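# Topology and contacts: notes
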Amino acid sequence: MSAVPPSPLNRIGVVGGGAWGTALALAALRAGRETLLWAREPAVVEAMSIRRENRDYLPGVPLPDALRVTGDLADLGDCDAVLLVSPAQHARSVTAGMAPLLKPGAPVVVCAKGIELDSHALMSEAVGAALPAGNPVAILSGPTFAAEVARGLPTAVTLACADHDLGTALVAALGSRTFRPYLSDDVVGSQIGGAVKNVLAIACGVVEGRRLGDNARAALITRGLAEITRLALALGGRAETLMGLSGLGDLTLTCSSLQSRNMSLGAALGEGKSLAEILAARRSVAEGVYTAAAVVGLAAKLGVDMPICAAVDAILNRGAGLDETIDGLLSRPFRGEGV
Ligand SMILES: NC(=O)C1=CN([C@@H]2O[C@H](COP(=O)(O)OP(=O)(O)OC[C@H]3O[C@@H](n4cnc5c(N)ncnc54)[C@H](O)[C@@H]3O)[C@@H](O)[C@H]2O)C=CC1
Ligand SMILES: O=C(CO)COP(=O)(O)O
């Protein structure tokens with residue numbers, strides 16, 4: 001086995017004991033870091049500490065003894081860097097809870113994907129506002145099903161950080177042979193793909209559930225990428241970022257597999273189930289349900305046209321029928337193909 005490279009960011013705290021937090025904690029361990037995983041629910045803490053398995057959110061994956069598990073945010077005080085993996089709508093409040101307990105200067109890498117419903121804030125804004133000025137924010141996003149990362153299957157992500165040296169240190173701390181971060185300085189652009197693709201995955205699920213065919217799914221992915229890119233540009237992101245792992249990469253993954261919670265939720269809608277019925281049968285988060293309305297609100301503020309996201313929001317939140325909404329999209333005037 002090759003020697004573990006040393007890192008000044010040797011102690012990694014992971015905040016959020018859902019599927020993704022648990023998988024990221026395993027990735028940090030594999031990168032050779034001392035890793036602490038905080039979970040919110042006492043039963044999840046107990047199951048991971050004693051039975052060494054996160055039965056609620058990532059069943060079937062053994063957790064090595066080297067992984068420290070806690071339910072006490074104060075334990076983050078000796079961590080050199082923290083990965084924040086709470087669902088997007090709770091990221092600000094969880095950050096506020098841990099902020100006074102963090103080591104001064106420790107970076108917080110946001111791994112949640114979404115846009116805040118009330119404020120339309122990106123995760124970097126919501127989390128940044130809740131942190132002391134001395135704790136910088138970075139973003140980790142990309143095509144990453146938790147179950148595959150947990151099993152150590154090869155995965156690549158975007159790690160975006162405004163400070164090049166800090167970004168380089170985070171890549172070195174978290175990267176391994178099977179978990180490969182690519183550094184970017186586009187903190188805004190790298191968040192938009194991950195947030196909006198969840199909404200588009202619901203649309204692709206509807207296509208699947210309604211048996212509208214593979215052509216329709218490819219059309220949604222491609223025109224969805226145009227929507228993502230328009231929004232990112234309006235917020236100051238760069239188009240090239242959206243052609244990378246956090247954009248096209250994640251959009252393709254999430255819109256092509258029923259492993260995606262968002263796509264499978266869309267498929268169930270397409271098959272005629274109600275949103276309330278689908279959500280009642282799940283414990284895991286499908287971020288697109290919440291981000292749909294946030295994206296539509298943000299796009300309206302910025303004057304950005306996002307018809308597919310608006311259609312998903314109409315179905316989820318405004319009582320629009322599936323068939324008339326699909327018909328509305330198919331009846332839009334023909335236009336040029338550019339973004
Ligand atoms: N699961 C995946 O494959 C991936 C997930 N993500 C993102 O990671 C974030 C977390 O998702 P998962 O770990 O999959 O979640 P999950 O669906 O596995 O678990 C739900 C999580 O939400 C937490 N939660 C529920 N109510 C809460 C509250 N009131 N306050 C704080 N936390 C609460 C639970 O403690 C649990 O950690 C999401 O933004 C998701 O989009 C990103 C990449 C991959
Ligand atoms: O973000 C993800 C893959 O990159 C996970 O997608 P789902 O939340 O739709 O399962």
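Parameters at a glance
Residues numbered from 1 in each chain as written. Chains lettered and ligands numbered in written order. Predicted model: local features only at pLDDT ≥ 70, side-chain atom pairs only at ≥ 80, totals over all residues. UniProt positions renumbered as here; feature names shortened; annotations may be inferred. Helix = DSSP H or I, 4+ residues; strand = E, 2+ residues; numbered from the N terminus. Rg over C-alpha atoms; globule rule 2.2 N^0.38 Å. Buried ≥ 20, exposed ≤ 12 C-beta atoms within 10 Å, placed from the backbone. Near = placed C-beta within 6 Å. Nonpolar A, V, L, I, M, F, W, Y, C, P; charged D, E, K, R; others polar. Domains from an automatic or database assignment. Pairing = 2+ DSSP bridges. Axes fitted to C-alpha atoms, helices over the stretch in contact; angles between N-to-C directions. Contact = placed C-beta atoms within 7 Å. Core = buried A, V, L, I, M, F, W, Y, C linked by C-beta atoms within 7 Å. Right-handed = clockwise from strand over helix to strand, strands pointing away.

The chain goes by Glycerol-3-phosphate dehydrogenase [NAD(P)+] in an unreviewed UniProt entry, where it is assigned to Azospirillum oryzae. As its UniProt record puts it under Subcellular location (unreviewed entry), the chain is described as follows: "Cytoplasm". The UniProt entry for the chain carries the following text under Sequence similarities (unreviewed entry): "Belongs to the NAD-dependent glycerol-3-phosphate dehydrogenase family."

### Focus: the overall build of the chain
Assigned secondary structure in the chain consists of 15 helices and eight strands. The C-alpha atoms of the chain give 19 Å as radius of gyration, which agrees with the globular expectation for 339 residues (20 Å, within 12%). Oriented by its inertia axes, the alpha-carbon framework of the chain measures out at about 55 × 40 × 40 Å. In the chain, which comprises 339 residues, the share counted as buried stands at 50%.

### Some thoughts on the site of ligand 2
If you check the shell around ligand 2, you find K113, P143, T144, F145, N198, A201, D250, L253, T254, S260, R261 and N262 and nothing else. When residues of the shell around ligand 2 are traced back to their parent elements, those giving at least two are α7 (189-209), α10 (245-254) and α11 (261-270). Looking at which element gives the most residues to the shell around ligand 2, the answer is α10, with three residues. Its residues assigned to classes, the shell around ligand 2 shows four nonpolar, five polar and three charged. Taken together, domain 1 (11-184) and domain 2 (193-330) each give at least three residues to the shell around ligand 2, which thus spans both.

### Here's the deal with the sheet that holds strand β4 (residues 81-84)
Strand order in the open sheet made by the eight strands is β3-β2-β1-β4-β5-β6-β7-β8, with mixed pairing throughout. Across the chains shown, the open sheet's two edge strands, defined by having one partner strand only, are β3 (68-70) and β8 (179-184). Neighbour to neighbour, the strand axes of the sheet diverge by 25° on average, direction disregarded. In the sheet, strand β1 (residues 11-15) pairs with β4 via four bridges, with the strands oriented parallel. Bridged to V14 within β4 is L83. Here helix α6 (residues 164-174) sits on the sheet and contacts β1, β4, β5 (108-110), β6 (137-141), β7 (155-160) and β8; the angle it forms with β8, its principal contact strand, is near 175°. In the packing of α7 onto the sheet, the strands contacted are β6, β7 and β8, and the crossing angle to β6 comes to about 45°.

### Quick look at the nonpolar core
Within the largest apolar cluster, 108 residues are counted, with the highest numbers of intra-cluster contacts made by V14, L83, L84, V110, V295 and C309. When residues of this core are assigned to their parent elements, the largest contribution, 11 residues, is made by α7. With sequence-adjacent residues up to four places away left out, V295 is seen in contact with I115, V196, V199, M306 and C309.

### Some words on the pairing of β4
Of the two faces of β4, the one carrying A81 and L83 and the one carrying V82 and L84 are both buried. Here three bridges tie β4 to β5, and the two strands are oriented parallel to one another. Within the sheet, the bridge partner assigned to L83 lies in β5 and is V109. Since β4 and β5 lie parallel, the crossover through helix α3 (residues 88-98) that links them has a hand, and here it is right-handed.

### Describing the UniProt feature "domain: Glycerol-3-phosphate dehydrogenase NAD-dependent C-terminal" (unreviewed entry) in the chain
Sequence positions flagged by UniProt for "domain: Glycerol-3-phosphate dehydrogenase NAD-dependent C-terminal" (unreviewed entry) are, in local numbering, residues 186-326. Regarding residues 186-326, the helix share stands at 73% and the strand share at 0%, and the terminal C-alpha atoms are separated by 34 Å.

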